[in-house]
Amino acid sequence: MKRILVLTLGIGLVLVGSAAAKGPTSATITGPGLSKPIVLDGDSEGNSSSRFGRLVEQSGWFPEVYRQTPDSTTRVRPRGLLGARYDAVYLVPDGNGKASTIEQELYPFAVGGPVTHVRPGQQVFGSPTHGGWYRSSPALRGTLRGLGLPAEAPSFRSSGLGAGAWAGIAVGIALALSIAQAAAARRRRTAPGRPAY
């Protein structure tokens, strides 16, 4: 009787574990240099040769979402410039008509090669995501380029901010500089040994 109970519990844990390893069924990518969001769908886990499957595999989605041994993620942000950030939002169905939303940051133009990041604590199958930083192979950049990302790192002009926003930033910087200059002039006039006017 005990042996049957242990066997039943073991099978149940295996089934729960395999259900928890489900991949996303859709993704939407936004970011600089894209005229419209990139939308992907399909069986990302079962068809790793598809564009969607390659994205999920190359971006380190599984090790970032589900804790794996050995752990190929790190808690420490990679050194160097990360470059333009693209946001991928994945839907992971739970089998009961609901879906979890997992957000992943993509940095295809990072110094040293593409980098991705998933924030820990996002909910999937009732458990928090493992999270972390993942250093991908250069193949991720090629996959993203094939999906519509620019071949080269976008400039600030393709950052998504319009001309009005950049003009406002420039005015703000000029205003901050003039306030700093006025404060410095006032300090010079009221320095000890100088008469205040």
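Residues numbered from 1 in each chain as written. Predicted model: local features only at pLDDT ≥ 70, side-chain atom pairs only at ≥ 80, totals over all residues. Heavy atoms only, no water.

Comments concerning unusual backbone geometry
Both trends apply: most residues other than glycine have a negative phi, and most peptide bonds are in trans. Quick reminder of the rule: Per the convention used, a helix needs a DSSP run of H or I reaching at least four residues, while a strand needs a run of E reaching at least two, with both numbered from the N terminus.
Pro-70 follows Thr-69 through a cis peptide bond whose omega is -5 degrees. Relative to the helices and strands, Pro-70 is located in the loop between α3 (61–65) and β3 (86–93). The phi dihedral of Phe-125 is positive, around 55 degrees, even though this residue is not glycine. Structurally, Phe-125 is set in the loop between β6 (123–124) and β7 (127–128).

Here's the deal with the nonpolar core
We count it as follows: Here, nonpolar core refers to any group of buried Ala, Val, Leu, Ile, Met, Phe, Trp, Tyr and Cys residues whose side-chain atoms link them within 4.5 Å. Note on exposure labels: buried denotes an accessible area under 20% of the residue type's maximum, exposed denotes more than 50%, and partly exposed covers the range between, all computed with a 1.4 Å probe on protein chains only.
Residues Ile-29, Trp-61, Tyr-86, Tyr-90 and Leu-144 are the most contacted members of the largest nonpolar core, which totals 26 residues. Sorting the residues of this core by element identifies β1 (26–30), β2 (38–41), α2 (51–58), α3, β3, β4 (99–107) and α4 (139–147) as the ones contributing at least two each. Leu-82, Ala-110, Val-115 and Trp-133 belong to the second-largest nonpolar core, a separate cluster that totals 5 residues.

What to know about the sheet that holds β1
To keep it simple, the criterion reads: Here, a strand pair is defined by DSSP locating no fewer than two bridges between the strands. Under this scheme, a helix contributes an axis fitted over its contacting stretch, all axes are lines through C-alpha atoms, and angles between N-to-C directions fall in the 0 to 180 degree range. The contact criterion used throughout is that any non-hydrogen atoms of two residues lie within 4.5 Å.
One open sheet accounts for 6 strands, arranged β2-β1-β3-β4-β5-β8; its pairing is antiparallel. Lying at the two open borders of the sheet, with one neighbouring strand each, are β2 and β8 (132–135). Averaged over all pairs of adjacent strands, the angle between strand axes in this sheet comes to 20 degrees, irrespective of strand direction. The pairing of β3 with β4 spans 8 bridges and is antiparallel. For Val-92, the partnering residue across the bridge sits in β4 and is Ser-100. Contacts from α2 reach β1, β2, β3 and β8 within the one sheet, and its direction differs from that of β2 by about 100 degrees.

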